[in-house]
Number of protein chains: 2
Amino acid sequence: MIYRIHVIIMKSFSDRLLGEILKKRNPSIIGLDPDMAKMPASLLEYFRDKEKDMFEAAGRCILEFNKRIIDSIHDIVPAVKLQSAFYEQCGPAGFRAFLGTAEYARRKGLIVVGDVKRSDIGNSTMAYSNAYLGKVPLFGSLEPVYDLDAVTVNPYLGSDGIKPFVEDCRKYSKGIFVLVRTSNPSSSELQDLGSGGVTVSEAVARLVNRLGEGMIGESGYSPVGAVVGANRKRLASRLRKAMPRSIFLVPGFGAQGGSAKDAVNFFDERGLGAVIHAARSVIFAYEKSGKGEDYREAARAAAESMRDDIVKAMKGSGKCPWQANSKL
Amino acid sequence: MIYRIHVIIMKSFSDRLLGEILKKRNPSIIGLDPDMAKMPASLLEYFRDKEKDMFEAAGRCILEFNKRIIDSIHDIVPAVKLQSAFYEQCGPAGFRAFLGTAEYARRKGLIVVGDVKRSDIGNSTMAYSNAYLGKVPLFGSLEPVYDLDAVTVNPYLGSDGIKPFVEDCRKYSKGIFVLVRTSNPSSSELQDLGSGGVTVSEAVARLVNRLGEGMIGESGYSPVGAVVGANRKRLASRLRKAMPRSIFLVPGFGAQGGSAKDAVNFFDERGLGAVIHAARSVIFAYEKSGKGEDYREAARAAAESMRDDIVKAMKGSGKCPWQANSKL
């Protein structure tokens, strides 16, 4: 009798993300934030005529737009991030578009991050984690729902609100990015408060570091990452010190004003450990480009130019992992 | 020629909520938190047999359960709160159940609070507020989506992340409850940090107070409320002082251990200004009650007993607005 034992070892989230970044030579993540006010007129017209229900029309429009954007960038970009708010505002049909987008992106080899900023207590946090990362117990079986690679998590409730997500990172090789220091003007109102020389954002950074312990991948990074706004470059080295094993998700590039030079501050000395985010400036690049340019071509050109800017700045600072003299 | 001008003045959220509490003589809010693991077996079996798709079956099961619970408590309870996580974990079908539940509850005269704990920056926060409180711009018109009476909001991003919700409170007579001091054990990790004698939760309390200015209803309360855990009774008077115009949403009663006597600390001296929350101990009361008792009857009995306990404690402390010697 022959026994066959199949053991599938899934790479950790951090190794998968950094692996894709190295393979595509591009440390950027593109936000699929389908703001209906910015959709190409041709798509809007087509779906408005095709569907009686406005929410159905919006959901189908969003899914079509996202698929075409994914088609045009998937070979040069390692990951996409879906801002949940733009899907939720189209009701249940919006969530179908969220699900369809996540499935399509995964099929095209992209790492999919859900920007859901969730967190709650007890059973509720567990339900959120089940929904986005893990599996849901339904009628006696365990079912994946959105099955994303990672989500963003809000830390206001403390470790209780984060641990169920961390547990699913361990169980299903997923990742999270905890909000540490955000890019918006009023972020200082809470995140800079503190006592004994430790601000709230630094306390969260320490918590993030602790939660990732024991889960460090081959890349040296844990699946418990941090959101740190691109305009927080002065904090970059302090936060890096507090979270040496966390991948930084850095929003604020492009439309929000962050430059490629700023972005370089968030990488480690090997040029790893961060992924730079832009949304509007890429997916809606057609608004600014020459009259009549196709939104798909405009998005690809913007994604290429973002990548080239960042890589140039990385090379300029000697922090590029695929450069000849790299320390990798 | 005759001109008719119709002016509809919508009562503020705070006046509507407190009005319903006075009318029903019950300052409680019941959580419709449809944990699939706790659903009555009869419902689970019925919908599992009826629907091929497990998520569709779960969504329909949740909606049916919620409707029957609403039927059995709507005449004695002023408000319900929907914990979004339990809906989201059933995928898009779960969100349809969320929408259906909100519509049904509203039709039955209940005030509907969405426990979504959302918040983001810029356009994204606006999209969340559009979805849950306001209206969404779609194909040239403005459409309501979930059209709830109020939602919970997470303050980690500062006032930027809250203001679009406040704007919709003003525009559409809606309300919010900002997380100030939560009931979970690890809430102290962040919420107790602080400098200059002001903790994070106190800083949030001040922000909440400021955001509600200029929107005070006839009841003396603003639509910008606060979530304060029932086990934070020592903080109750400090937080009340910092937010004299905010209604407190007080979770942690029942299954989470808060007593009626604890709850009384959160009311003002007239016996107003707070709404006490329980979920599991009411909607899943059938699990603990006598064998074979109907879940609807068990829920009604539990809701009545919760109301009676709180009102008894209010009377005991002289803080009952419908008592003969009330200061109202």
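Conventions adopted
- The written sequence of each chain sets the order in which its residues are numbered from 1.
- Each chain is given a letter, starting from A, and each ligand a number, starting from 1, according to the order in which they appear as written.
- Restriction of local features to residues with pLDDT of at least 70 applies here, the model being predicted, together with a cutoff of 80 or more for giving and counting side-chain atom pairs; totals for whole chains, interfaces and linings are based on all residues.
- Think of a nonpolar core as buried Ala, Val, Leu, Ile, Met, Phe, Trp, Tyr and Cys residues chained together by C-beta atoms that fall within 7 Å.
- Three exposure classes are used, based on other C-beta atoms lying within 10 Å of a residue's own C-beta, which is placed from the backbone: buried for 20 or more, exposed for 12 or fewer, and partly exposed in between.
- We call two residues in contact whenever the C-beta atoms placed from their backbones are within 7 Å.
- The fit set for superposing copies consists of C-alpha atoms from residues with pLDDT of at least 70 in both; the fit itself is least squares.
- Counting from the N terminus, the helices are the DSSP runs of H or I reaching at least four residues and the strands are the DSSP runs of E reaching at least two.
- The span expected for a helix works out to 1.5 Å for each residue beyond the first.
- Two strands pair under a simple rule: DSSP has to find at least two bridges between them.
- Structural elements are reduced to axes, namely lines fitted to C-alpha atoms, with helices fitted over the stretch in contact, and the angle between N-to-C directions of any two is expressed from 0 to 180 degrees.
- Residues were grouped as follows: Ala, Val, Leu, Ile, Met, Phe, Trp, Tyr, Cys and Pro as nonpolar; Asp, Glu, Lys and Arg as charged; and all remaining residues, including Gly, as polar.
- Here is how to tell: hold the view so the strands point away, follow the path from the first strand over the helix to the second, and if it runs clockwise the crossover is right-handed.
- If an angle is under 35 degrees, it is roughly parallel; if it is over 145, roughly antiparallel; if it lies from 65 to 115, roughly perpendicular; otherwise it is oblique.
- By definition, any crossing whose near helix is turned counterclockwise from its far helix by less than a right angle is left-handed, and any crossing with a clockwise turn is right-handed.

Enquirer: If you had to explain the nonpolar core to someone new, which residues and values would you point to?
Expert: Within the largest apolar cluster, 225 residues are counted, with the highest numbers of intra-cluster contacts made by I30, V178 and V250 of chain A together with I30, V178 and V250 of chain B. Those residues in contact with I30 of chain B that lie beyond four places of it in its chain are I73, V77, V80, A278, A279, V282, I283 and A303 of chain B.

Enquirer: Requested: an account of the relation of the copies chain A and chain B, with residues and values cited.
Expert: One chain copy maps onto the other through a rotation about an axis and a shift parallel to that axis. Relative to chain B, chain A is turned by 180 degrees and slid 0.0 Å along the rotation axis, the superposed coordinates differing by an RMSD of 0.0 Å. Classification of the inter-copy transformation places it as that of a two-fold axis. When the interface residues of chain A are mapped onto chain B, 100% of them again fall at the interface, so both copies present the same face.

Enquirer: Tell me about helix α13 (residues 295-316) of chain B, and please be specific about residues and values.
Expert: Residues and elements named next belong to chain B. Taking 1.5 Å per residue as the helical rise, α13 with its 22 residues ought to reach 32 Å, and the 31 Å between its terminal C-alpha atoms agrees with that figure. Within α13, burial applies to Y295, A298, A299, R300, A302, A303, M306, R307, I310 and M314. Elements in contact with the buried residues of α13: β1 (28-32), α3 (54-73), α11 (260-264), β12 (274-278) and α12 (280-283). Directly beyond the C-terminal end of α13, a positive phi value near 70 degrees is found at G318.

Enquirer: So, the sheet that holds strand β1 (residues 28-32) of chain A: which residues are in play, and what are the values?
Expert: Paired through their backbone hydrogen bonds, the strands of a sheet run either parallel or antiparallel. Residues and elements named next belong to chain A. In spatial order, the strands read β1-β2-β3-β6-β7-β10-β11-β12; together these eight strands close into a barrel with parallel pairing. In this sheet, neighbouring strand axes are inclined to one another by 30 degrees on average, regardless of whether the strands run parallel or antiparallel. Looking at chain direction, strand β11 (residues 246-250) and strand β12 (residues 274-278) are connected through three bridges and run parallel. Within β12, the residue paired with F248 across the bridge is A274. Relative to the sheet, helix α5 (residues 91-107) contacts β1, β2 (79-83) and β3 (111-118), its axis offset from that of β2 by approximately 175 degrees.

Enquirer: How would you explain the interface of chain A and chain B if you had to name every residue and give the values?
Expert: With 57 residues of chain A at the contact, the number on the chain B side is 58 residues. Sorting elements by how many residues they give to the side of chain A that touches chain B places helix α6 (residues 122-132) of chain A first, with seven residues. Residue composition of the side of chain A that touches chain B, grouped by class: 31 nonpolar, 17 polar and nine charged.

Enquirer: I'd like a rundown of the sheet that holds strand β6 (residues 150-153) of chain B, residues and numbers included.
Expert: Residues and elements named next belong to chain B. Strand order in this closed barrel of eight strands is β1-β2-β3-β6-β7-β10-β11-β12, and the pairing throughout is parallel. Strand-to-strand twist of the sheet, defined as the mean angle between neighbouring strand axes without regard to direction, takes the value 30 degrees. Of the pairings in the sheet, the one linking strand β2 (residues 79-83) to strand β3 (residues 111-118) comprises five bridges and is parallel in character. Paired with K81 across the strands is V113, a residue of β3. Helix α7 (residues 163-172) rests against β6, β7 (175-181) and β10 (222-228) of the sheet, and its axis sits at about 145 degrees to β7.

Enquirer: Summarise the pairing of β6 of chain B; cite the residues concerned and give the values.
Expert: On any regular strand, side chains alternate: one points to one face of the sheet, the next to the other face. Residue and element names in this part refer to chain B. Residues A150 and T152 point to one face of β6 and V151 and V153 to the other, with burial holding for every one of them. Where β3 meets β6, three bridges bridge the pair, whose relative direction is parallel. Of the residues in β6, the one forming a bridge with G114 is V151. Across four bridges, the pairing between β6 and β7 is parallel. The partner of A150 across the bridge, within β7, is G175. In the classification by handedness, the crossover that spans β6, the intervening α7 and the parallel β7 is right-handed.

Enquirer: Which residues make up the packing of helix α2 (residues 41-50) of chain B against α3 of chain B, and what values go with them?
Expert: Residues and elements named next belong to chain B. Packing of α2 against α3 leaves a shortest axis separation of 9 Å and a crossing angle of 140 degrees. Relative to α3, the element α2 is oriented oblique. The handedness of the crossing between α2 and α3 is right-handed. For the pair formed by α2 and α3, the contact residues are L43, L44, F47, R48 and K50 on the first element and A57, R60, C61, E64 and F65 on the second.

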